[in-house]
Amino acid sequence: QVQLVESGGGLVQPGGSLRLSCAASGFTFSSYAMYWYRQAPGKERELVATITSPSGSTIYADSVKGRFTISRDNSKNTVYLQMNSLKPEDTAVYYCNVRRAGRYYWGQGTQVTVSS
């Protein structure tokens, strides 16, 4: 079955950096686009970054453009989100996502807190 396991979250000061990882299994990872979403308290889940396959093209939300970078390693079945110049408004639970056969699959999420 499809499994997505996020890691790498934590507490960081404004201006700092974190790298999130999402290990995938249960499907042919290299054949699917992968997505990072986030959900802040009291807000709807929002799409942050997309990486397609096989071209590896990337798309970002305006709020993170120039600060976040999504990448993938198909040999490790892993997608990453490098987050730089973090702001307090980036505080959220971050989820990776794959859409397969008309279904959305989610990991358990990883908490990112940006605070001094």
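Preceding this section is the structure that the text describes.
The structure presented is a predicted model; accordingly, all values stated were derived computationally and were not measured. (Residues numbered from 1 in each chain as written. Predicted model: local features only at pLDDT ≥ 70, side-chain atom pairs only at ≥ 80, totals over all residues. Heavy atoms only, no water.)

Peer 1: What is the right way to look at the state of the cysteines in this model?
Peer 2: Disulfide: a covalent bond formed between the sulfur atoms of two cysteine residues. The tally for this structure, following the rule as stated, stands at 1 disulfide. Note that C22 is cross-linked by a disulfide to C96, the S-S spacing being 1.9 Å. A residue pair is termed long-range when its members are at least 10 positions apart, and C22 in strand β3 (residues 18–25) and C96 in strand β9 (residues 92–100) qualify at 74 residues. For the pair C22 and C96, one class covers both residues: buried. (Disulfide = S-S within 2.5 Å. Helix = DSSP H or I, 4+ residues; strand = E, 2+ residues; numbered from the N terminus. Buried < 20%, exposed > 50% of the residue type's maximum accessible area, 1.4 Å probe, protein only.)

Peer 1: When you look at the nonpolar core in this model, what are you seeing that I'm missing?
Peer 2: One recurring pattern in soluble globular proteins is that nonpolar side chains are buried together. Counting residues in hydrophobic clusters, the biggest one holds 31 residues, and the most contacted among them are L4, W36, V79, L81, M83 and Y94. Breaking this core down by element, the ones donating at least two residues are β3, β4 (34–39), β5 (46–51), β7 (68–73), β8 (78–83), β9 and β11 (110–114). Contact partners of L4, with chain neighbours within four places excluded, come to C22, A23, A24, F27, M34, C96, N97, V98, Y105, W106, G107 and Q108. (Core = buried A, V, L, I, M, F, W, Y, C linked by side-chain atoms within 4.5 Å. Contact = heavy atoms within 4.5 Å.)

Peer 1: When you look at the sheet that holds β7 in this model, what are you seeing that I'm missing?
Peer 2: Remark on secondary structure: sheet strands pair via backbone hydrogen bonds, oriented parallel or antiparallel. A sheet is described by the order of its strands in space; here 4 strands give the open sequence β1-β3-β8-β7, paired in antiparallel fashion. Two strands lie at the open edges of the sheet, namely β1 (3–7) and β7, each paired on one side alone. In this sheet, neighbouring strand axes are inclined to one another by 15° on average, regardless of whether the strands run parallel or antiparallel. (Pairing = 2+ DSSP bridges. Axes fitted to C-alpha atoms, helices over the stretch in contact; angles between N-to-C directions.)

Peer 1: Would you explain the pattern of salt bridges in this entry?
Peer 2: If charged atoms from side chains of opposite charge come close, those side chains can pair. The full count for this structure, using the stated rule, is 4 salt bridges. Across the pair D90 and R38 runs a salt bridge whose closest N-O atoms are separated by 2.9 Å. Note that D90 is positioned in the loop between β8 and β9 and R38 in strand β4, a separation of 52 residues in sequence. Classification of D90 by relative accessible area gives buried; the value is 1%. A salt bridge links R67 to D90; the nearest nitrogen and oxygen atoms lie 2.7 Å apart. One end of the pair, R67, is in the loop between β6 (58–60) and β7; the other, D90, is in the loop between β8 and β9, and 23 residues separate them in sequence. Members of the salt-bridge network, linked through shared partners, are R38, E46, R67 and D90. (Salt bridge = Lys/Arg side-chain N within 4 Å of Asp/Glu carboxyl O.)

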